[in-house]
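Geometric and topological summary
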Amino acid sequence: MSTAQATVVPSFIAGEWISPQAEGGTQVLDANTGQPVATVSARALDVAGALDYGRTVGQRELSGLSLHQRALKLKELALYLNERREELYEISYRTGATKIDSMVDIDGGIGVLFTFSSKGRRELPNSNVILDGPTEPLSKDGSFIGTHIFTPMAGVTVQINAFNFPVWGMLEKFAPAFIAGVPTIVKPASPTGYLSEAVVRMMLDSGLLPDGSLQLLSGSARDLLDHMDYRDMVAFTGSAATANKLKAHRNVVDGGVKFTSETDSLNAAILGPDAVEGTEEFNAFVKAVVSEMTSKAGQKCTAIRRSIVPEQLVDAVIKAVGERIEARTVIGDPRVEGVTMGALASLDQLRDVRQAVQDMLDAGGELAYGSLDAPRVRTSGERTEIAQDGAFMAPVVLRWSDPANPILHSREAFGPVSSVVGYRSLDEAVELAAQGAGSLVATVCTNDPEAMRALTLGIAAHHGRVHILNRETARTSTGHGSPVPHLVHGGPGRAGGGEELGGIRSVMHHMQRTAVQGSPNMLTALTGVWHTGADRQIAGSAKYGAQPGNVHPFRKSLAELRIGDALASDLREVTLAEITAFANETGDTFYAHTNQKAAEANPFFPGIVAHGYLLVSWAAGLFVEPAPGPVLANYGLENLRFITPVGAGDSIRVTLTAKRITPRVTDEYGEVAWDAVLHNQNDEIVATYDVLTLVEKQNSIYANWTD
């Protein structure tokens, strides 16, 4: 029997599954049939014990893995869950979600794990310390410097989730916290928490997660914040009213608990004046509105609640939206073939949405499409009246004679409900969108670049994301209501003011930024990144610091290479003939390289100078070890700056230092970033940059190489 059918939804605390008695608990029903699915116990959970276990065992176990190792576990976890999606779909149907809805929730959540795994291994160091920004010199001689580092928070992150995305909402918070090295405690919403429990059980059964890195609170946890302190973080998704109560807790106000929230959002979609009937933009706009109304039965924090359209197009938009709903929407039990929209998550949710619509009608709204009556749904291939036990609601479109009506911009009906209002100018459209007092997302649908710019810049400060829709993106857009893990998800004002997701930014949400000051040697030891002025083991030219017996660093595998291993070359003279030949061969005949008088007239050059890329090429010739060895490839340069011009008769030399070593956890090689500095014969800095190479972990490919 599936875990979702258990009598009581269990919790997982301090390494153990706990299944309390059902007496006094809340019964959870199948949203489509009204049949009992599970019970959420009213028994108080050991929240203090869960927090302590996370701060001790969880922190210890996660700290034993590097950022890359934790990121790789997310990929392995995603692959494990991917093989079990069908089981999760069957459970998800009970929440009222269709197969497509379930894919958005389940597949989308798994996709977040894949994305964070990839970005974590590609963009972060293979360590537990992340550098933030450049080094700041704090003394004239370079002996005292400063920088910033990110390290994991010392406590736990507690995610309090909404009912509408029991899988995605959980995994999109878990992934960045896990990479950061911070244990997670999940507190799901009761109506769909049984699906969250099924996913957590799978994750734990995989054997991939370190002890204490993931816990689940399925029952009552009203004293949660009482036991939290400045080491911890709450990631909340739900109503603004609940968020405000939690934010007022003494441990948030005075105790330093970090609190982020994603709350109510009256998202808008604005149709540009050019997007008249018959245009691709008009059709894409209508499609987006209907999709957001019917996906998850409109139970999305990103759904379009307000369609703001040119005044003369209000009737046309309402008509087109209604026709598309009629043609494409079949309401019913999502387990029945052909159904495209399921039930709301619960009967309580149905009552709340109907009441919100009624309040809006009473305040001046007009029912332009749909009805508050129980809809006809599909059962066994035919449409019949539904039983009262199903939480079904038909899509509803409201019209407003007063586009500034306060309730339109303040009351959210969290279901298949949207309003259409008209505007007379772009300024008025911006003003109407802003009356939502802060939203997660808005769509701007136009093919006019000027209108797009005016609308987007006008509303950007009021929204966390702006989705620009036109004929060029209509087929490829991920959609108005689909946050992607690469970009920030959140919004100002009533939307909560948080920034979930956003790629590596969201990892940083779970870390502390600390300024550190010290000598180059101490900061190199702390960060694992070489800082200018720190000790080096130099090979090459004795004149420029090489010590006897040091081996060219390109002869060292990652097993042998150390931060600070370096090469110092001798000087190489630059000739006019070489500069001229390079100009002719490449076609780069810019006057500074070919015309003495013109070059002398330029305030930056003393006369004809060498091409910057010629200098970089010469530098490579000065530091490259030609014989086959552990350095497999050069894959780029970073931070290249040309500082002092080099003319004919000058000389250059290069100093190359192993700056950052990043072994790959899945391959037999890793990346090495080399600090490259070019000097001239006067010891003036000519150029600086980082050389990026791929280097074997062990010198195996060419270990026994002979010519």
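To be clear, the structure that these remarks concern was listed above.
As the structure is a prediction and not an experimental result, all values here were calculated from the model.

1. Regarding the overall build of the chain
When you go through the chain residue by residue, the secondary structure sums to 19 helices and 31 strands. Looking at the chain residue by residue over its 707 residues, the buried ones come to 54%. If you take every contact in the chain between residues at least 6 apart in sequence, the share linking residues at least 24 apart comes to 74%. Total accessible area computed for the chain in this model is approximately 29,900 Å², and 50% of it derives from carbon and sulfur atoms. Across the chain, the centroid of the 60 positively charged side chains sits 2 Å from that of the 80 negatively charged ones.

2. Digging into the packing of helix 12 (residues 426-434) against helix 13 (residues 449-459)
Closest axis-to-axis distance for the helix 12/helix 13 pair is 9 Å, and the angle between their directions is 30°. Judged on the interaxial angle alone, helix 13 and helix 12 are roughly parallel. When you trace helix 12 past helix 13, the crossing you get is right-handed. The residues of helix 13 that touch helix 12, namely those facing L426, A429, V430 and A433, are A451, A454, L455, G458 and I459. Along the lines of polarity and charge, the residues of the contact of helix 12 with helix 13 split into 8 nonpolar, 1 polar and no charged.

3. Describing the side chain of H463
Structurally, the position occupied by H463 is in strand 21 (residues 463-469). Engagement of the side chain of H463 in a polar contact is seen with the backbone oxygen of I459, the distance being 2.8 Å. Residues contacting H463, with those up to four places away along its chain left out, are A433, S439, L440, V441, A442 and P492.

4. Some words on the sheet that holds strand 21
Spatial strand order, 15-18-19-14-13-20-21: 7 strands in an open sheet with mixed pairing. In the strand order of this sheet, the two ends are held by strand 15 (365-369) and strand 21, each with one partner. In this sheet, adjacent strand axes meet at a mean angle of 25° when their direction is disregarded. Sheet topology places strand 13 (residues 267-271) next to strand 14 (residues 304-310); 4 bridges connect them, and they run parallel. Across the sheet, the residue bridging to A269 is S307, located in strand 14.

5. With respect to the pattern of salt bridges
Per the counting criterion, the structure on display carries 29 salt bridges. For E323, the salt bridge goes to K319, with nearest N and O atoms at 2.6 Å. Of the two residues, E323 and K319 both sit in helix 10 (residues 314-328), 4 residues apart, roughly one turn of that helix. The partly exposed category is assigned to E323, whose relative accessible area is 43%. Linking R411 and D359 is a salt bridge whose minimum nitrogen-to-oxygen distance equals 2.5 Å. Taken together, the positions of R411 in the loop between strand 18 (396-400) and strand 19 (417-423) and D359 in helix 11 (residues 347-362) put the pair 52 residues apart, joining distant regions of the chain. Look at D359 and you get partly exposed, because its relative accessible area is 23%. Salt bridges sharing common partners tie together D30, D333 and R335.

Thresholds, definitions, all that
Residues numbered from 1 in each chain as written. Predicted model: local features only at pLDDT ≥ 70, side-chain atom pairs only at ≥ 80, totals over all residues. Heavy atoms only, no water. Helix = DSSP H or I, 4+ residues; strand = E, 2+ residues; numbered from the N terminus. Buried < 20%, exposed > 50% of the residue type's maximum accessible area, 1.4 Å probe, protein only. Contact = heavy atoms within 4.5 Å. Areas by Shrake-Rupley, 256 points an atom, 1.4 Å probe, with all protein chains shown as cover. Lys, Arg positive; Asp, Glu negative; His and termini not counted. Charge placed at Lys NZ, Arg CZ, Asp CG, Glu CD. Axes fitted to C-alpha atoms, helices over the stretch in contact; angles between N-to-C directions. Parallel < 35°, antiparallel > 145°, perpendicular 65-115°, else oblique. Left-handed = near helix turned anticlockwise from the far one by under 90°. Nonpolar A, V, L, I, M, F, W, Y, C, P; charged D, E, K, R; others polar. Polar contact = N/O pair within 3.5 Å; in protein donor to acceptor, adjacent residues only side chain to side chain. Pairing = 2+ DSSP bridges. Salt bridge = Lys/Arg side-chain N within 4 Å of Asp/Glu carboxyl O.

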